[in-house]
Amino acid sequence: ARLRGDASVFVIARVPGGPPMPVAVEKHGVQELPFTTTLDDSDSPMPTLKLSALPEVELIARLSTSGNPMPQPGDLESPPLRVRLPAKSPLTLTIGAAPR
């Protein structure tokens, strides 16, 4: 598939069964794929909720064709992956479906 130069990949951690607002998020350029990253408290958009304070999170990776962090038509996501924290080993997120 051809992607615009402003396409981005967002790696998102959120509270399982909670609001869609992430507790940690990183943005990467699509040209970086595949890449390895580590989410931590410095990736939190909300200073009152830290990743390190949670017993588990749900991780997703979203390919945003527009570069916008909010889901848009045409975006693709990985299936959500529930992870107990701290993670003991690297995890793989595979992007390939439209967001639900």
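For the structure, see preceding data.
Residues numbered from 1 in each chain as written. Predicted model: local features only at pLDDT ≥ 70, side-chain atom pairs only at ≥ 80, totals over all residues. Heavy atoms only, no water.

Chemist: Explanation requested: the overall build of the protein chain in the structure shown.
Modeler: Secondary structure assignment for the protein chain yields zero helices and five strands. Listing the helices and strands of the protein chain from first to last along the sequence gives β-β-β-β-β. Here the C-alpha radius of gyration of the protein chain, 13 Å, is about what a compact globule of 100 residues would show, namely 13 Å. Structurally, the protein chain occupies a C-alpha span of about 40 × 25 × 25 Å along its principal axes. For the protein chain, restricting intrachain contacts to residue pairs at least 6 apart in sequence, the fraction spanning at least 24 positions comes to 47%. Surface exposure of the protein chain reaches about 6300 Å², of which carbon and sulfur atoms provide 58%. In the protein chain, 10 positive and 10 negative side-chain charges are present, and the distance between their average locations comes to 4 Å. (Helix = DSSP H or I, 4+ residues; strand = E, 2+ residues; numbered from the N terminus. Rg over C-alpha atoms; globule rule 2.2 N^0.38 Å. Contact = heavy atoms within 4.5 Å. Areas by Shrake-Rupley, 256 points an atom, 1.4 Å probe, with all protein chains shown as cover. Lys, Arg positive; Asp, Glu negative; His and termini not counted. Charge placed at Lys NZ, Arg CZ, Asp CG, Glu CD.)

Chemist: When you look at unusual backbone geometry in this model, what are you seeing that I'm missing?
Modeler: Glycine aside, residues mostly have negative phi angles, and peptide bonds mostly take the trans form. Each neighbour pair has its own omega, and for Leu 33 with Pro 34 the value is -15°, a cis peptide bond. Looking at the element boundaries, Pro 34 is found in the loop between strand E2 (24-29) and strand E3 (56-64). In this structure, the amide linkage connecting Leu 85 to the following residue, Pro 86, adopts the cis form with an omega of -5°.

Chemist: Would you take a moment to explain the side chain of Arg 62 for this structure?
Modeler: Structurally, Arg 62 can be placed in strand E3. For Arg 62, a relative accessible area of 4% gives the class buried. Here the side chain of Arg 62 touches Pro 69 through a polar contact of 2.7 Å, landing on its backbone oxygen. Ignoring anything within four residues of it in the chain, the contact list for Arg 62 reads Ser 8, Val 9, Phe 10, Ile 12, Pro 69, Pro 71, Asp 75, Leu 76, Glu 77 and Ile 95. (Buried < 20%, exposed > 50% of the residue type's maximum accessible area, 1.4 Å probe, protein only. Polar contact = N/O pair within 3.5 Å; in protein donor to acceptor, adjacent residues only side chain to side chain.)

These results come straight from atomic positions and should not be treated as a statement about function.
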